[in-house]
Amino acid sequence: NIAVSPDPRFVNLDSDGSINPTHPGLMIVLLDEMAKRGGFSWRDSFVIEEPPIGDQAWQDLLLWSVDTFDMSANWWFFTSERSSL
């Protein structure tokens, strides 16, 4: 199962929240290609991962995401603090 960022620069969603079948976006194309080469499927088990809410930090979201999903397809910055986790 995969968590996918809703970033419109890389993921094209239709108004109902589904992946646009004609122009899915670069992130979706890459995930499809990785699945094809790796012999797995992902489109039946993914979630659109929204930004942190309330007092939740981006690092909290990152830790939850990698603990909950097999892959987090999001825009994560490398920090020295995160490298020690």
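Note that the coordinates shown come from a computational prediction; the quantities given were computed from them, not determined experimentally.

Enquirer: Help me understand the packing of aromatic side chains, please; the structure alone is not making it clear to me.
Expert: Given two aromatic rings, one states the distance between the centres and the angle between the planes to describe the pair. Going through the model one piece at a time under the given rule, you end up with 2 aromatic pairs. Here Trp 42 and Phe 46 contribute two aromatic rings whose centre-to-centre distance is 5.3 Å and whose plane-to-plane angle is 65°, an arrangement assigned as edge-to-face.

Enquirer: What should I look at first to understand helix H1 (residues 26-38) in this one?
Expert: Under the 1.5 Å per step criterion, the end-to-end length of H1 is 18 Å for 13 residues, consistent within 8% with the ideal 18 Å. Of all the positions in H1, only Met 27, Ile 28, Leu 31 and Ala 35 are classed as buried. One side of H1 holds all its buried residues, which, seen down the axis, span an arc of 95°. In H1, the exposed positions that point more than 90 degrees away from the buried face belong to Lys 36 and Arg 37. In this structure, the buried side of H1 is in contact with strand E1 (2-4) and strand E3 (71-73). In the segment just after H1, Gly 39 is the residue with positive phi, at about 70°.

Enquirer: Mind showing me how you'd approach the pattern of salt bridges here?
Expert: Where charged atoms from two side chains of opposite charge come close, those side chains can pair. As enumerated under the stated definition, the model contains 4 salt bridges in all. In this structure, Glu 33 and Lys 36 form a salt bridge, with 3.9 Å as the shortest nitrogen-oxygen distance. Taken together, the residues Glu 33 and Lys 36, both in helix H1 and 3 residues apart, mark about one turn of the helix. The exposed category is assigned to Lys 36, whose relative accessible area is 64%. A salt bridge links Arg 37 to Glu 33, with the shortest nitrogen-to-oxygen separation between them at 2.7 Å. Placement of the pair is Arg 37 and Glu 33 together in helix H1, with a separation of 4 residues, close to one helical turn.

Criteria and cut-off values
- Residues numbered from 1 in each chain as written.
- Predicted model: local features only at pLDDT ≥ 70, side-chain atom pairs only at ≥ 80, totals over all residues.
- Heavy atoms only, no water.
- Phe/Tyr/Trp six-rings, centres within 6.5 Å; stacked < 30°, edge-to-face > 60°.
- Helix = DSSP H or I, 4+ residues; strand = E, 2+ residues; numbered from the N terminus.
- Expected span 1.5 Å × (residues − 1).
- Buried < 20%, exposed > 50% of the residue type's maximum accessible area, 1.4 Å probe, protein only.
- Arc of directions from axis to C-beta.
- Contact = heavy atoms within 4.5 Å.
- Salt bridge = Lys/Arg side-chain N within 4 Å of Asp/Glu carboxyl O.

Distances and angles like these do not, on their own, reveal function.
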